[in-house]
Amino acid sequence: MTKSRVAAIDVGNDSIKAIFGELEYELNIPNIVARDTEDRPVIGIEELDNKNPLDGIHVKVHSPALKDNNVIYRVGNLATKTNNATELDPGSSKSEEDQTLIMLFTTLALDAVKQDAFPRTKNVIDASYTLGTGLPLREVKEGKDAGYRSRLVGNVHQVEFLVTPKYQGLKVNIKFNEVKVYPEGFAAYINLVMDNNLKIINKDLIDKRILIQDIGGLSTDIAVIKNRNVDDDKAQGFNLGVSESLESIREEIRIKHGVELDSRRDVVEIITRKNDRNHIMVKGSRTSVHDITDRILLDLAKKQYRLLRNVWQKNSQTEICYFVGGGSHVLKDYIKTLNNNLDGYNIEFFEDDKESIWMMANAYYKLIMDFVRKTEKPKEPVKAN
């Protein structure tokens, strides 16, 4: 029997963050796909295998869980170079989108091709995973986690690498030994207070009343924590993320400066990088886009602050709110300024950008490893003759 490999995957609206095995391998892939043909043109085909596979992900995905089956896609960096690239739209449900599954299966396949432990017959690899992942609080409260899990477990999902560096011609059959789907707000709390062995590392926080505002691409979750648990009745999910604002910035830059940015991720890079922040190159000249980014992001920050204020008023004994997720990273300075000028709530951001962006994946890893530890049967001692 194939040994199941642990995977913790956060299918974020900006990118996929994945942790595998004993923390030995991480993957971060832009959440962008584009339909394609079987023989994509490649300049210098003989040099294909010298390139980074992550820059040339070209796959055919087969799964009974997909609405559109056996379709060929460019994924991640390669998809950004096309005119028909798709990113998840505001208002969509992560649990119901084919794109979520395409990204999930492709990420697992990229790990599987590197594993000697999985059986391989010619060019076919049979991979088995124990998966920890999550969905927005709103979708979990609507019961969509059960349907999402059932589409994964009990089926075989296949990813065939087509014109992909190093992996061309390989097929990966993916089975799930177990799938755990966690609410994103609860996962963030686990990550705040516990280490990889679920030992409490933040005793000051453990019994506090906390809000966790997780700002994603398409949605915002506000988890209400008291008595060491998420209060399901008071926790709320909202269809408000940063994607729409990033798209507006991208469009205004195109109209005003005639510059086409490949994806929302390019916008994020412009507004968060350490040097030349909020600047682009226009015909070779360094040009500020501060007027565009400040106006649009401040407007979104005001909406996020309104959500915080409304939830805090209903949970008046809250002691602190932690802002997490990729959207918090983008809006951090604007929300801090608003808070200083207005209500002065006790709020906290993670200054380590990676810690905030990878928080969900890290939390899923802690939770799924704890599940594995609890379910693995201890080996029986060998009896002496």
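The structure we're discussing is the one just above.
Calculation rules
- Numbers given to residues run from 1 along each chain, matching the order in which its sequence is written.
- For a predicted model such as this one, the threshold for reporting local features is a pLDDT of at least 70, and the threshold for listing and counting side-chain atom pairs is 80 or more; totals across whole chains, interfaces and linings nevertheless cover every residue.
- Water and hydrogen atoms were dropped before computing side-chain values, which therefore reflect all heavy atoms in the structure.
- Secondary structure elements are defined from DSSP: runs of H or I of at least 4 residues count as helices, runs of E of at least 2 residues count as strands, and each element is numbered from the N terminus.
- Throughout, the radius of gyration refers to the C-alpha atoms, and the reference size of a globule is 2.2 Å times the residue count to the power 0.38.
- Think of it in three bands: residues with accessible area under 20% of the maximum for their type are buried, residues over 50% are exposed, and the middle band is partly exposed, with areas taken using a 1.4 Å probe on protein chains only.
- Contacts are assigned to residue pairs that have any heavy atoms within 4.5 Å of one another.
- Note on charges: Lys and Arg go in the positive column, Asp and Glu in the negative column, and His and the chain ends are not counted at all.
- The location of each charge is read from NZ of Lys, CZ of Arg, CG of Asp or CD of Glu.
- Here a strand pair is declared whenever DSSP counts at least two bridges between the two strands.
- Take a side-chain nitrogen of Lys or Arg and a carboxyl oxygen of Asp or Glu: if they are within 4 Å of each other, that pair is a salt bridge.
- Whether two aromatic rings pair depends on their centres lying within 6.5 Å, for rings of Phe, Tyr and Trp, where Trp uses its six-membered ring; planes under 30 degrees apart make the pair stacked, over 60 edge-to-face, and the rest tilted.
- In this description, a nonpolar core means a group of buried Ala, Val, Leu, Ile, Met, Phe, Trp, Tyr and Cys residues linked to one another through side-chain atoms lying within 4.5 Å.
- In this scheme, a helix's expected span is set at 1.5 Å multiplied by one less than its residue total.
- Geometry is summarised by axes, namely lines fitted to C-alpha atoms with helices restricted to the contacting stretch, and by angles between N-to-C directions that run from 0 to 180 degrees.
- When an angle is under 35 degrees it counts as roughly parallel; over 145 it counts as roughly antiparallel; between 65 and 115 it counts as roughly perpendicular; any other value is oblique.

J.: Hey, could you run me through the overall build of the chain in this one?
T.: Secondary structure assignment for the chain yields 11 helices and 18 strands. A compact globule built from 385 residues should have a C-alpha radius of gyration of about 21 Å, and the chain, at 22 Å, falls within 12% of that. Overall size of the chain, expressed as C-alpha extent along the three principal axes, is 70 × 65 × 35 Å. By the burial criterion, 55% of the 385 residues in the chain qualify as buried. A separation threshold of at least 6 residues defines the contact pool for the chain, and within that pool the share at least 24 residues apart is 68%. Averaging the coordinates of the 55 positive side-chain charges in the chain and doing the same for the 58 negative ones gives two points 2 Å apart.

J.: It is not clear to me how the pairing of strand β3 (residues 25-30) should be interpreted in this structure. Could you clarify?
T.: Along a regular strand, successive side chains alternate from one face of the sheet to the other. Across six bridges, the pairing between strand β2 (residues 15-20) and β3 is antiparallel. Counted as the bridge partner of Phe20 is Tyr25 from β3. Where β2 folds back on β3, the antiparallel hairpin that results is connected by four residues, among which Gly21 adopts a positive phi of roughly 60 degrees.

J.: How should the pattern of salt bridges be read in this particular structure?
T.: Two side chains with opposite charge may pair up if their charged atoms get near one another. Applying the stated rule across the entire model yields 18 salt bridges. Through salt bridges with shared partners, a single ionic network connects Glu96, Glu142 and Lys144.

J.: So what exactly am I meant to see when it comes to the environment of Met359 here?
T.: Here Met359 lies in helix α11 (residues 359-375). For the pair Met359 and Arg151, spaced 208 residues apart in the sequence, the C-alpha separation amounts to 25 Å. In this structure Met359 touches Ala188, Asn191, Leu192, Val324 and Phe350, once residues within four positions along its chain are discounted.

J.: Help me understand unusual backbone geometry in this model?
T.: The phi torsion of most residues other than glycine is negative, and most of the peptide bonds are trans. Here Asn70, not a glycine, exhibits a phi torsion of approximately 55 degrees, which is positive. The phi angle at Asp276 is positive, at roughly 55 degrees, despite the residue not being glycine. Tracing the backbone through its elements, the reader meets Asp276 in the loop between α7 (264-272) and β15 (279-282). A relative accessible area of 39% places Asp276 in the partly exposed class.

J.: Sorry if this is basic, but what is going on with the pairing of β2 here?
T.: With six of six residues buried, β2 is to be regarded as a mostly interior element. Residues Ser15, Lys17 and Ile19 point to one face of β2 and Ile16, Ala18 and Phe20 to the other, with burial holding for every one of them. Alignment of strand β1 (residues 5-11) against β2, held across five bridges, turns out to be antiparallel. Within the sheet, the bridge partner assigned to Ile9 lies in β2 and is Ala18.

J.: I would appreciate a short explanation of the packing of aromatic side chains in the present structure.
T.: Describing an aromatic ring pair means giving the distance of the ring centres and the angle of the ring planes. Summed over all chains, the structure comprises eight aromatic pairs. Aromatic side chains Phe118 and Tyr129 sit 5.5 Å apart centroid to centroid with 65 degrees between the ring planes, which places their arrangement in the edge-to-face category. One end of the pair, Phe118, is in the loop between α1 (98-112) and β7 (120-121); the other, Tyr129, is in strand β8 (residues 124-135), with 11 residues separating them in the sequence. Using a relative accessible area of 5% as the deciding quantity, one classes Phe118 as buried. Taking the relative accessible area as the measure of exposure, Tyr129 reaches 0% and is therefore buried. Ring-pair connections join several aromatic residues into one group, and the members of that group are Phe20, Tyr25, Phe118 and Tyr129.

J.: Hey, could you run me through the nonpolar core in this one?
T.: Within soluble globular proteins, side chains that are nonpolar generally end up buried alongside one another. Ile9, Leu104, Tyr129 and Phe161 are the most contacted members of the largest nonpolar core, which has 46 residues in total. Beyond its immediate sequence surroundings of up to four residues, Leu104 is in contact with Ile9, Val11, Leu131, Tyr148 and Leu152. Of all hydrophobic cores here, the second largest spans 38 residues; its members include Val224, Leu246, Ile253 and Leu308.

J.: Is there a simple way to think about helix α6 (residues 243-257) in this case?
T.: The α-helix advances 3.6 residues per turn, and as a result positions three or four apart in sequence lie on the same side. Along its 15 residues, α6 runs 21 Å from first to last C-alpha, staying within 8% of the 21 Å computed at 1.5 Å per residue. Taken together, the buried positions of α6 are occupied by Ser243, Ser245, Leu246, Ile249, Arg250, Ile253 and His257. Check the buried side of α6 and you find it contacts α7, β15, β16 (285-288) and α8 (290-314). Count one or two residues on from α6 and you reach Gly258, which has phi positive near 70 degrees.

J.: I keep staring at the side chain of Thr272 and nothing clicks. Help me out?
T.: Looking at the secondary structure, you find Thr272 in helix α7. With sequence-adjacent residues up to four places away left out, Thr272 is seen in contact with Arg277, His329 and Val330.

J.: Looking at this structure, I do not really get α1. What am I missing?
T.: Given a rise of 1.5 Å per residue, 15 residues ought to cover 21 Å, and the 21 Å separating the end C-alpha atoms of α1 matches this to within 8%. In terms of residue burial, α1 counts as a mostly covered element, since 15 of its 15 residues are buried.

J.: I keep staring at the packing of α6 against α7 and nothing clicks. Help me out?
T.: Pairs of packed helices are described in terms of their axes, by the angle between the two and the distance that separates them. Across the interface, α6 lies against α7 with an axial gap of 9 Å and an inter-helix angle of 85 degrees. For the element pair α6 / α7, the angle class is roughly perpendicular. Here Ser243, Leu246, Glu247, Ile249 and Arg250 of α6 come into contact with α7, specifically with Arg264, Val267, Val268 and Ile271.

J.: Looking at this structure, I do not really get the environment of Asp262. What am I missing?
T.: Topologically, Asp262 is positioned in the loop between α6 and α7. For Asp262, a relative accessible area of 43% corresponds to the partly exposed category. For Asp262 and Ala79, which are 183 residues apart along the polypeptide, the C-alpha to C-alpha distance reads 9.3 Å. Asp262 has contacts with Thr80 and Arg250, leaving out every residue within four places of it along the chain.

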